[in-house]
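# Architecture and fold: a report
Listed below are the residues making up each chain.
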Amino acid sequence: MVMPTLPSYAATQVIVVGSGLAGLSAASQLASHKIPVRLLERSTKLGGNSIKASSGINGAPTKYQSLATPDAKFYEDTVKSAGPAFISSENSQRQKLVETLTSSSSSAIDWLVDEKGIDLCTVAQLGGHSLPRTHRGSGQLPPGAAIVTTLLKDLRTNPLVQVETSCIVTKIIQSQGQATGVEYTFGGEKRLLKGPVVFASGGFAGDAHGMLAKYRPDLADIPSTNEPRPGSQNLLIDVGAQPLDMNLVQVHPTSFVDPKDPSNPLKFLAAELLRGEGGLLLHSGKRFVNEMETRQHITDTIMRILPAKDTTSSLRQWDVTLVLDEGCYEAAKSHIDFYLWKGLMVKTTVGDLKDSESAIISIQDYSDMAAGRAEDPYGRKAFAHWTLGQVTLESVVYVGRITPAIHFTMGGVMFNERSEVLDGNRQPIKGLWAAGEVTGGLHGENRLGGSSLLECVVFGRIAGDQASAFYKKL
Ligand SMILES: Cc1cc2nc3c(=O)[nH]c(=O)nc-3n(C[C@H](O)[C@H](O)[C@H](O)COP(=O)(O)OP(=O)(O)OC[C@H]3O[C@@H](n4cnc5c(N)ncnc54)[C@H](O)[C@@H]3O)c2cc1C
């Protein structure tokens, strides 16, 4: 069949919407092909939620993993975590998407480390992963900030790339079925820009009263780890993009309840690596779950078996204590020092814990499991850097109060392994690509920790390559 040729039009750039990691990865790739880029960001600040990422980015196999045999289980773990949504008939793309994500993960790490010079040498095992594969640096800077600031610095010195803030994209312009530009506002003034479009506008986990209220009204009173901002998926849906999995919202099991401001709906994330490096969870002094299970499982367990408790506001939040010992502290020092400084965690003793009589027994049991003297009834196998052997009332621990909070939206616009945005007939909408949290279908029912930064790099770079090839033919 001869494909009809698309009408060409005058464009002097590719447009990237959003300055999170997906947008920055796409822009970097476009710039590497010597394509002019206009990156539009609605906020006054750059970096989106990506800059807040604190646990790391997945990659397997990589030279940093130090495993006896190379890690070949990333695909399997991702499918397992995605759950029944993975095999649903709605999207035959799911398998290809997960294959692309996992098989491109080691080259994504290589790109960040070898080409961009970002330190990602420390590897942790997060919940739902069967092996350690989440990479971060060895220094103080959290991985999201390290990656975003490096890419941004690179782009800002590239004369081909124009990064503009306070530009709210309000519409995708279409001509004869292809996306040919965007409408946006700057300082209240409406502007037009022509060019192929890469959409990297993030998720809607911070859109409590808009998209969240529409797709998951039951979560309306739960706090969030995301910056409050409206979701932008509708702009894509307006030009025919097919929404997928919009009701699948990840509630992260561990965000800090700040003792100074407990009723603030915006929560600081208690990074997953705190559990990954050996931390345990207590309620009324007792463990209740395998802390290395998926986020979904831990959240469901907290919400199902523990009473929601908040004395100060209408928020629905819980009272769970995260506990780490000195060994875990050393492994996650830069994170914990920051949380101590913010007043989100305290250094204390077992004797000073709430419900200390139960807590000392629970922590001793946990120490015995970590030392191989006992089996965990909840099935935890990896205890990472937990070193406390004999637990006494004087044993030093690092603790914080945590609660589940809305964290990530698995749903978004349907796309394929070439980052093309798909319409209701599963056909690509010409001139339009998407990457990052704005897309749906990749993670199924539960995103694995570390896989979002990864999807931004993998599909952002693919979008950059594809849009570059398209632009050259205009
Ligand atoms: C606290 C926290 C910690 C996290 N930790 C990790 C982690 O360790 N590992 C991991 O893999 N994931 C982590 N995540 C998830 C991950 O950071 C995000 O899912 C991911 O970074 C999303 O990247 P993105 O580029 O798609 O969107 P974002 O980074 O959110 O960027 C989207 C950008 O688009 C802009 N935008 C939106 N609409 C418009 C519009 N209409 N016009 C112009 N601009 C627009 C937004 O202002 C924003 O700057 C974390 C998330 C949070 C909140």
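Structure's up top.
Residues numbered from 1 in each chain as written. Predicted model: local features only at pLDDT ≥ 70, side-chain atom pairs only at ≥ 80, totals over all residues. Heavy atoms only, no water.

### Some thoughts on the nonpolar core
The biggest cluster of nonpolar side chains holds 55 residues, and the ones touching the most others in it are I57, L112, L120, I147, V198 and F459. At eleven residues, helix α13 (residues 451–473) tops the list of elements feeding residues into this core. If we ignore the near neighbours within four places in the chain, the residues touching L120 are I57, Y64, I109, L112, V113, H135, R136, G137 and I147. Of all hydrophobic cores here, the second largest spans 50 residues; its members include M211, I298, A359 and I402. (Core = buried A, V, L, I, M, F, W, Y, C linked by side-chain atoms within 4.5 Å. Buried < 20%, exposed > 50% of the residue type's maximum accessible area, 1.4 Å probe, protein only. Helix = DSSP H or I, 4+ residues; strand = E, 2+ residues; numbered from the N terminus. Contact = heavy atoms within 4.5 Å.)

### A closer look at the packing of helix α1 (residues 21–32) against α13
In the contact formed by α1 and α13, the axes pass within 7 Å of each other and the chain directions differ by 35°. Crossing handedness for the pair α1 and α13: right-handed. In this structure, α1 uses L21, A22, S25, A26, Q29 and L30 to contact α13, whose residues at the interface are L453, C456, V457, G460, R461, G464, D465, A467 and S468. Looking at the contact of α1 with α13 residue by residue, the class counts come to eight nonpolar, five polar and two charged. (Axes fitted to C-alpha atoms, helices over the stretch in contact; angles between N-to-C directions. Left-handed = near helix turned anticlockwise from the far one by under 90°. Nonpolar A, V, L, I, M, F, W, Y, C, P; charged D, E, K, R; others polar.)

### A short note on the pairing of strand β12 (residues 249–256)
Most of β12 is tucked away: eight of the eight residues are buried. In terms of strand pairing, β12 meets strand β17 (residues 396–409) through six bridges, oriented antiparallel. In the sheet register, S255 faces β17, and the bridge partner there is T403. Where β12 meets strand β13 (residues 268–269), two bridges bridge the pair, whose relative direction is antiparallel. By the bridge assignment for β13, S255 is matched with L269. (Pairing = 2+ DSSP bridges.)

### Side note on the packing of aromatic side chains
Aromatic ring pairs are described here by two measures, namely the spacing of the ring centres and the angle between the planes. Enumeration over the complete set of coordinates arrives at eleven aromatic pairs. Note on F268 and Y339: the rings are 6.5 Å apart at their centroids and 80° apart in plane angle, and the pair reads as edge-to-face. Taken together, the positions of F268 in strand β13 and Y339 in helix α11 (residues 333–342) put the pair 71 residues apart, joining distant regions of the chain. What makes F268 partly exposed here is its relative accessible area of 35%. Its relative accessible area of 1% is what places Y339 among the buried residues. A ring pair is formed by Y329 and Y398, whose centres lie 4.5 Å apart and whose planes are at 5°; its orientation type is stacked. Taken together, the residues Y329 in helix α10 (residues 326–331) and Y398 in strand β17 connect sequence positions 69 residues apart. Y398 matches Y329 in its accessibility class, with the two residues each being buried. Grouped by ring-pair contacts, the aromatic residues F256, F268, F338, Y339 and W341 constitute a single cluster. Against the face of F408 rests R447, its NZ or CZ located 4.1 Å from the ring centre. (Phe/Tyr/Trp six-rings, centres within 6.5 Å; stacked < 30°, edge-to-face > 60°. Lys NZ or Arg CZ within 6 Å of the ring centre and 35° of its normal.)

### Looking at the site of the ligand
Around the ligand sit 39 residues in total, of which E41, S50, S55, E437 and S452 are the nearest. Between G450 and the ligand, the recorded distance is 3.4 Å, taken from a backbone N or O atom to an oxygen atom. Burial of the ligand by the surrounding chains reaches 98%, relative to a free accessible area of 1000 Å². Listed by contribution, the elements that provide at least two residues to the shell around the ligand are α1, β7 (167–175), β17 and α13. Broken down by element, the shell around the ligand gets its largest block of residues, four residues, from α13. Considering only residue class, the shell around the ligand consists of 13 nonpolar, 20 polar and six charged. (Near = heavy atom within 4 Å. Polar contact = N/O pair within 3.5 Å; in protein donor to acceptor, adjacent residues only side chain to side chain. Areas by Shrake-Rupley, 256 points an atom, 1.4 Å probe, with all protein chains shown as cover.)

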